[in-house]
Amino acid sequence: MKILVLPGDGIGPEITEATLAVLDRANAKFKLRLEWQTEQIGLVPLKKEGTTLPERVLDAARKAPGIILGPVSHLDYPAREQGGINPSGELRVKLDLFANIRPAKSRMGVGLTGKPVDLVIFRECTEGFYADRNMFSGRGEFMPTEDMALAVRKVTARQCNRISKVAFDWARKRRKKVTAVHKANVLHISDGLFLREVRKVAKDYPDVELDEKIVDAMAALLVRDPSKFDCIVTGNMFGDILSDEASEISGSLGLAGSTMAGDDACCAQAQHGSAPDIQGQDKANPTSLILSAAMLFEWLAARHKRPEFNQAARAIEFAIDTALQSADTRTPDLKGKLGTRAFGMHIAQLIN
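Rules used throughout
- Residues numbered from 1 in each chain as written.
- Predicted model: local features only at pLDDT ≥ 70, side-chain atom pairs only at ≥ 80, totals over all residues.
- Heavy atoms only, no water.
- Helix = DSSP H or I, 4+ residues; strand = E, 2+ residues; numbered from the N terminus.
- Rg over C-alpha atoms; globule rule 2.2 N^0.38 Å.
- Buried < 20%, exposed > 50% of the residue type's maximum accessible area, 1.4 Å probe, protein only.
- Contact = heavy atoms within 4.5 Å.
- Areas by Shrake-Rupley, 256 points an atom, 1.4 Å probe, with all protein chains shown as cover.
- Lys, Arg positive; Asp, Glu negative; His and termini not counted.
- Charge placed at Lys NZ, Arg CZ, Asp CG, Glu CD.
- Core = buried A, V, L, I, M, F, W, Y, C linked by side-chain atoms within 4.5 Å.
- Disulfide = S-S within 2.5 Å.
- Pairing = 2+ DSSP bridges.
- Axes fitted to C-alpha atoms, helices over the stretch in contact; angles between N-to-C directions.
- Phe/Tyr/Trp six-rings, centres within 6.5 Å; stacked < 30°, edge-to-face > 60°.

## Looking at the overall build of the protein
- Secondary structure summary: the protein contains 11 helices and 12 strands in total.
- In summary, the protein has a C-alpha radius of gyration of 20 Å against a globular reference of 20 Å for 352 residues, a match within 12%.
- Its C-alpha atoms give the protein principal-axis dimensions of about 55 × 50 × 40 Å.
- A burial count over the protein gives 56% of its 352 residues as buried.
- Within the protein, counting contacts between residues at least 6 apart in sequence, those at least 24 apart form 73% of the total.
- Split by element, the accessible area of the protein, about 15,600 Å² in all, is 53% carbon and sulfur.
- Charge-centre separation for the protein: the mean point of 48 positive side chains lies 5 Å from the mean point of 45 negative side chains.

If you want it as structure tokens, here you go:
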């Protein structure tokens with residue numbers, strides 16, 4: 001089984017290298033029979049080939065059983081017409097990776113609020129206000145005049161239904177509670193459609209409690225007591241914002257895993273950005289991408305009926321949690337002493 005590796009921009013190559021050190025150890029220990037196919041995306045191929053996402057890379061992504069995607073500096077890309085394609089958004093649309101799954105867990109005791117965090121946010125990530133991916137042709141925003149900009153929000157029953165099912169499936173295996181986050185008090189039609197589909201799906205899960213919260217109230221409630229929440233399902237923009245908030249409350253955005261999953265493909269992606277300010281300094285924390293890769297392993301275990309992938313994922317997570325208990329084995333962002341490469345090597349050594 002050959003996994004496609006896309007290191008990306010900024011700190012991407014560094015945290016990808018550290019992640020592969022961990023995965024190489026898990027691959028050998030649990031006999032996963034994995035191979036890596038590394039391809040360049042982002043600023044490097046933009047300079048060499050005129051595009052941030054060459055067609056051959058997209059073809060490789062379509063064929064790959066799984067993808068590991070480093071962070072990208074898409075804010076620094078030129079317009080799409082000049083080759084500036086956001087690889088993350090493009091992969092979501094082209095591979096139908098509609099479910100962005102983002103756990104937030106306090107791995108160093110309690111979170112920043114003094115209360116434990118253990119929740120998962122399920123974000124539909126192919127629609128909403130995200131103009132680079134919500135239209136069949138063109139962009140979902142435009143300027144009728146030089147002083148007016150308009151944005152279109154796309155919400156479909158199909159995608160609302162699909163992301164709801166993913167959230168309820170997870171909730172059934174966790175603490176049996178789903179919170180649907182919306183702004184239907186203002187967005188009557190689009191978020192009304194979202195709630196209609198969530199409630200419809202909920203009828204097929206009588207053992208799972210459905211809770212509904214307005215997004216601004218939810219942002220406050222996460223700070224007040226994140227322990228009250230289990231699985232949170234929402235749309236693209238709300239999920240993007242709330243998942244960053246939840247991860248930071250849990251301890252750090254750098255500790256948050258993330259996958260983009262569909263019915264037939266899955267991509268592990270660090271939840272944070274490319275941090276060009278610390279690029280090449282061996283300071284970046286690779287935990288997010290390592291945990292994202294562990295989530296990819298869990299998806300592969302279910303998809304291909306390979307329980308050894310679940311064993312590997314659990315071993316990786318246990319190694320991360322073990323290392324985070326001491327400042328001697330953390331990275332500088334967590335007041336630790338290990339650089340990016342040394343942290344990856346230490347996590348690899350803890351896998352047994």
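## Quick word on the nonpolar core
- Formed by 42 residues in total, the largest nonpolar core has its most connected members in F297, I316 and I351.
- Elements with a minimum of two residues in this core: β1 (2-6), α1 (12-29), β12 (266-269), α9 (287-304), α10 (307-323) and α11 (340-350).
- The contacts of F297, once residues within four sequence positions are left out, are L23, A26, L32, L34, F309, A312, A313 and I316.
- Formed by 24 residues, the second largest nonpolar core is a distinct cluster that contains F168, V178, F194 and L195.

## Some thoughts on the state of the cysteines
- All chains considered together, the criterion is met by zero disulfides.
- With no disulfide of its own, C231 lies closest to C266 among cysteine sulfurs, the gap being 16 Å.
- The thiol of C266 is unpaired, and the distance to the nearest cysteine sulfur, on C267, comes to 7.2 Å.

## Considerations on the sheet that holds strand β2 (residues 35-38)
- The sheet built from 10 strands is open, its strands ordered β2-β1-β3-β12-β11-β4-β5-β10-β8-β9 with mixed pairing. Of all strands in the sheet, those with a lone pairing partner are β2 and β9 (209-214), marking the two edges. Between one strand and the next, the sheet's axes are offset by a mean angle of 25°, whatever the strand orientation.
- In this sheet, β12 lies alongside strand β11 (residues 259-261) in antiparallel orientation, the contact comprising three bridges. Its bridge partner lying in β12, M260 is registered against C267.
- Of the strands in this sheet, β1, β3 (67-69), β4 (99-105), β11 and β12 are in contact with α9, which crosses β12 at around 165°.

## Some remarks on unusual backbone geometry
- Here D96, not a glycine, exhibits a phi torsion of approximately 55°, which is positive.
- Structurally, the position occupied by D96 is in the loop between α4 (87-94) and β4.
- Non-glycine residue K305 carries a positive phi angle of around 55°.
- According to the relative accessible area criterion, K305 is exposed, its value standing at 71%.

## Overview of the packing of aromatic side chains
- In the structure shown here, the tally under the stated rule is three aromatic pairs.
- Measuring from ring centre to ring centre gives 5.2 Å for F168 and Y205, while their planes differ by 35°; the resulting arrangement is tilted. Linking F168 in helix α5 (residues 157-173) with Y205 in the loop between α6 (190-202) and β9, this pair joins segments that are 37 residues apart in sequence.
- The class for Y205 is buried, based on a relative accessible area of 9%.
- On the basis of an interplanar angle of 80° and a centroid distance of 5.3 Å, the ring pair of F297 and F309 is categorised as edge-to-face.

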